[in-house]
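# Working through the structure, step by step
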Amino acid sequence: MFKKQLIDLITKAKGVIDVELVLKNINIVNVFSGEIIKGNVAIDNGKIIGIGEYNGKEEIDLEGKYLAPGFIDSHVHIESSMSSPSQFAKVIVPRGVTTIIADPHEIGNVKGIDGIKYIIEDSKNVPLDVHIMLPSCVPSTSFENAGAILKADDLKELLEEETVIGLGEMMNYPGVIFLDDDVLNKLALFKDKVIDGHGPMIRGKELNAYVISGIKTEHECSTIDEVLDRLRVGMYILIREGSAAKDLKNIIKVVNKDNLRRFLFCTDDKHPEDLINEGTIDFNIKLAIKEGIDPIDAIKMATINSAECYGLKNKGAIAPGYIADLVVIDNLEDFNILKVFKSGKLVGENNKALFEPNIHLPKNMMDSVNIKDIDLEDIQIPMTNNKANIIGVMEGSLVTKAVIKEVNILDGFFHFSDDGIQKLIVAERHLRKGNIGVGLIENFKLKNGSIGSTIGHDSHNIIVIGDNDGDILTAIEELKEIGGGLTIVKDGKVLKSLPLEIGGIMTSRPVEETNSILKEMIELSYEELNVNKNIDPFMTLAFMALPVIPKLKLTDMGLFDVEKFDFVKVCRND
């Protein structure tokens, strides 16, 4: 059979037989030679047959436009779009992305193996290649309760999946360096596959130890020194430009002709509005060009570099035998995407998808809010004196301050006042354990209501902020009622909610519809609840439960001091 296919390919490449499609009169970006080659591209059965003069059953004159390989997002959490993989594809494919390396870390923390299987299945019926890096840290830390615990033996059953190509970001870098048995088991399981890193602070011999374990990439670099340290030990650097973390402008300065092939582009986490308004990897390319990178080099970082790093055969270039994932661009200055071909089929044009996703929504992904009844007594904060540890929100940062202030007390408990200090609640919502963390927060500036969400990185428990107990309890009840999502409450009434029926973090609705509702809710939070206009209320809230970013955070197990790496009381005894 293969011999017959080979004869057919060779015959067509020689021009003896007409091919299915010829793209004519184009400027071809050659990522191998760094040239722009004027010519035609012959395509048949989803593959590039050759470059030159060919006859096609269909021929498209592209009138001197530019043709690049399909873009590859080298590290992305689909869940950050709040959309199912198939709806996510509908937004990113028309922007030129034909392949992604997805880490289903978020849904893994909510639904475990079933969540990862959902991502794999829902990705199958769209013109987007979704390669999976199995999450390495579920739960992310031992200081919170997630919906699952995934050991090496749990991940083993997914190794045979064709789309699984490696192990996702190894956030537990102390576990690598200090030989944690569970971490070692996972590294050993993936010894023949790609392992992603997540350890920007490691230096010297500890970095050597991290890399010798098999870890190959780093997407958390934010300084030039971090980049250089990792380049020198042979790591690939994934230059990230997402919604919360924007590293490109800083670290692109390191890129030169000598080290270019070690750099890739990724988005990591990108939210609905940014996906719609900015785009995805095409936005990374545009920014890189503005920062002085040669357009062809920027395209290399978005294509062939990623393909070679992750071992994706026959991807990332325009050459005989490569998959015909192609992007038509108006010019290399404005870099507007005109057409997108996936395996030789036109799937996107002028930022519009030419396909509709098939909705795959299994019952085990729904009704993910599983909590015990929560009442007024459960969310009280005992105080033996009026001095408290308070989470201080910092504008434009995921880092928080550790604030110490005097607060009001009534009958031995914290009492709300007009001092700008609100309650923050994190309630375990996966396995009905009943854990509830209660803390205090300032500079959110919320008044006369509450905001709640089931998006709380990384374990995605219920997280609610409010300036009165009644509205906090109403928000919790609403999140339970809608099966997870986002909600805004004022004076005991729900102003608006965004149901996220897939694990409480995603939806099968179109991204545009989700974004429209989200924008309305953000405006309501500013107008009706007077939230600090220098923060994104829902994004900020989501990261208040992440106990790996300094200084104070809140989990379902309590108030956590990231620098001390231990829990602390809200009420200070000093």
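The rules behind these values
Residues numbered from 1 in each chain as written. Predicted model: local features only at pLDDT ≥ 70, side-chain atom pairs only at ≥ 80, totals over all residues. Heavy atoms only, no water. UniProt positions renumbered as here; feature names shortened; annotations may be inferred. Domains from an automatic or database assignment. Contact = heavy atoms within 4.5 Å. Buried area = accessible area lost by both parts, 1.4 Å probe. Salt bridge = Lys/Arg side-chain N within 4 Å of Asp/Glu carboxyl O. Phe/Tyr/Trp six-rings, centres within 6.5 Å; stacked < 30°, edge-to-face > 60°. Helix = DSSP H or I, 4+ residues; strand = E, 2+ residues; numbered from the N terminus. Buried < 20%, exposed > 50% of the residue type's maximum accessible area, 1.4 Å probe, protein only. Lys NZ or Arg CZ within 6 Å of the ring centre and 35° of its normal. Polar contact = N/O pair within 3.5 Å; in protein donor to acceptor, adjacent residues only side chain to side chain. Pairing = 2+ DSSP bridges. Axes fitted to C-alpha atoms, helices over the stretch in contact; angles between N-to-C directions. Right-handed = clockwise from strand over helix to strand, strands pointing away. Left-handed = near helix turned anticlockwise from the far one by under 90°.

- The name given to the chain in an unreviewed UniProt entry is Adenine deaminase, with Tissierella pigra as the source organism.
- Its UniProt record gives the chain the following Sequence similarities (unreviewed entry) comment, quoted word for word: "Belongs to the metallo-dependent hydrolases superfamily. Adenine deaminase family."
- For the chain, the Catalytic activity (unreviewed entry) comment in UniProt is given as "adenine + H2O + H(+) = hypoxanthine + NH4(+)".

## Points about the domain arrangement of the chain
- Domain assignment breaks the chain into domain 1 (68–316) and domain 2 (366–567).
- Computed over C-alpha atoms, the centres of domain 1 and domain 2 are 28 Å apart.
- Contact residues are listed per partner, giving 32 residues for domain 1 and 42 residues for domain 2.
- Together, the buried faces of domain 1 and domain 2 total about 3000 Å²; carbon and sulfur atoms form 65% of this surface.
- Looking at the side of domain 1 facing domain 2, the largest losses of area belong to Met82, Phe143 and Asn145, adding up to 28% of the total buried there.
- Inspection of the region where domain 1 meets domain 2 yields 0 salt bridges.

## So, the packing of aromatic side chains
- Counting across every chain of the model gives 8 aromatic pairs.
- Where Phe32 meets Tyr322, the ring centres are 5.9 Å apart and the plane angle is 65°; that geometry is what we call edge-to-face. Of this pair, Phe32 sits in the loop between strand S1 (19–30) and strand S2 (35–44) while Tyr322 is found in the loop between helix H13 (304–309) and strand S14 (326–329), placing the two residues 290 residues apart along the sequence.
- Between Phe143 and Phe560, the aromatic rings sit 4.4 Å apart at their centres with planes inclined by 35°, giving tilted as the arrangement. In this pair, Phe143 sits in the loop between strand S8 (129–134) and helix H4 (152–156) while Phe560 sits in strand S29 (residues 558–561), placing the two residues 417 residues apart along the sequence. For the pair shown, Phe143 and Phe560 are each scored as buried.
- What links up through ring pairs into an aromatic cluster is the set Phe143, Phe560, Phe565 and Phe567.
- When the ring centre of Tyr236 is taken as reference, the NZ or CZ atom of Arg262 above it lies at 3.9 Å.

## Section: the environment of Gly70
- Structurally, the position occupied by Gly70 is in the loop between strand S5 (66–69) and strand S6 (71–76).
- Considered as a pair, Gly70 and Val41 are 29 residues apart in the sequence and their alpha carbons are 14 Å apart.

## Comments concerning the UniProt feature "domain: Amidohydrolase-related" (unreviewed entry) in the chain
- Sequence positions flagged by UniProt for "domain: Amidohydrolase-related" (unreviewed entry) are, in local numbering, residues 66–347.
- The span residues 66–347 carries 34% helix and 21% strand; its end-to-end C-alpha distance comes to 17 Å.

## Considering the side chain of Asn331
- With respect to the helices and strands, Asn331 occurs in the loop between S14 and strand S15 (337–342).
- Within the structure, the side chain of Asn331 is placed 2.6 Å from the backbone nitrogen of Asp334, a separation counted as a polar contact.

## Side note on the sheet that holds strand S19 (residues 400–406)
- Taken in spatial order, the 8 strands of this open sheet run S19-S18-S23-S22-S25-S24-S26-S27, and their pairing is mixed. At either margin of the open sheet sits one strand with a lone partner, and together these are S19 and strand S27 (493–499). Strand after strand, the sheet turns through a mean of 25° between neighbouring axes, direction not considered.
- Relative to strand S25 (residues 462–466), strand S24 (residues 449–453) runs antiparallel, the two being bridged by 4 bridges. What sits directly across from Ser453, in S25, is Ile463.
- Seen against the sheet, helix H14 (residues 469–481) touches strand S22 (421–427), S24, S25, strand S26 (485–490) and S27 and runs at an angle of roughly 150° to S26.
- Strand contacts of helix H15 (residues 511–529): S24, S26 and S27, with the helix running at about 150° to S27, the strand carrying the most contacts.

## With respect to the UniProt feature "domain: Adenine deaminase C-terminal" (unreviewed entry) in the chain
- Taking the numbering used here, the UniProt-annotated feature "domain: Adenine deaminase C-terminal" (unreviewed entry) corresponds to residues 398–565.
- Strand forms 33% of residues 398–565 and helix 23%; the C-alpha atoms that close the span are 17 Å apart.

## Examining the pairing of strand S12 (residues 236–240)
- Burial analysis of S12 places 5 of its 5 residues in the buried class, which makes it a mostly covered element.
- A two-sided burial pattern is seen for S12, the buried positions comprising Tyr236, Leu238 and Arg240 on one face and Ile237 and Ile239 on the other.
- Of the strand pairs in this sheet, strand S11 (residues 215–218) and S12 are connected by 2 bridges, and their pairing is parallel. Among the inter-strand pairings, Glu218 is bridged to a residue of S12, identified as Ile237.
- For the segment spanning S11, helix H8 (residues 224–232) and S12, crossover handedness is right-handed.

## Concerning unusual backbone geometry
- Here the residue pair His457 and Asp458 is connected by a cis peptide bond, since its omega of 0° sits within 30 degrees of zero.
- Mapped onto the elements of the fold, Asp458 is located in the loop between S24 and S25.
- Its identity is not glycine, yet Asn25 carries a phi of approximately 60°, on the positive side.
- Tracing the sequence through the fold places Asn25 in strand S1.
- Asn25 sits in the partly exposed class, given a relative accessible area of 41%.
- Positive phi is not limited to glycine here, since Asp367 has a value of about 50°.
- Its place among the elements puts Asp367 in the loop between strand S17 (352–353) and strand S18 (387–393).
- Here Asp367 falls in the exposed class, since its relative accessible area comes to 67%.

## Details of the packing of helix H11 (residues 281–290) against helix H12 (residues 295–302)
- Direction vectors running N to C along H11 and H12 enclose 150°, while the axes themselves pass 9 Å from each other. Two packed elements cross with a definite hand, and for H11 against H12 that hand is right-handed. Where H11 abuts H12, its residues Ile281, Ile285, Ala288 and Ile289 lie against Pro295, Ala298 and Ala302.

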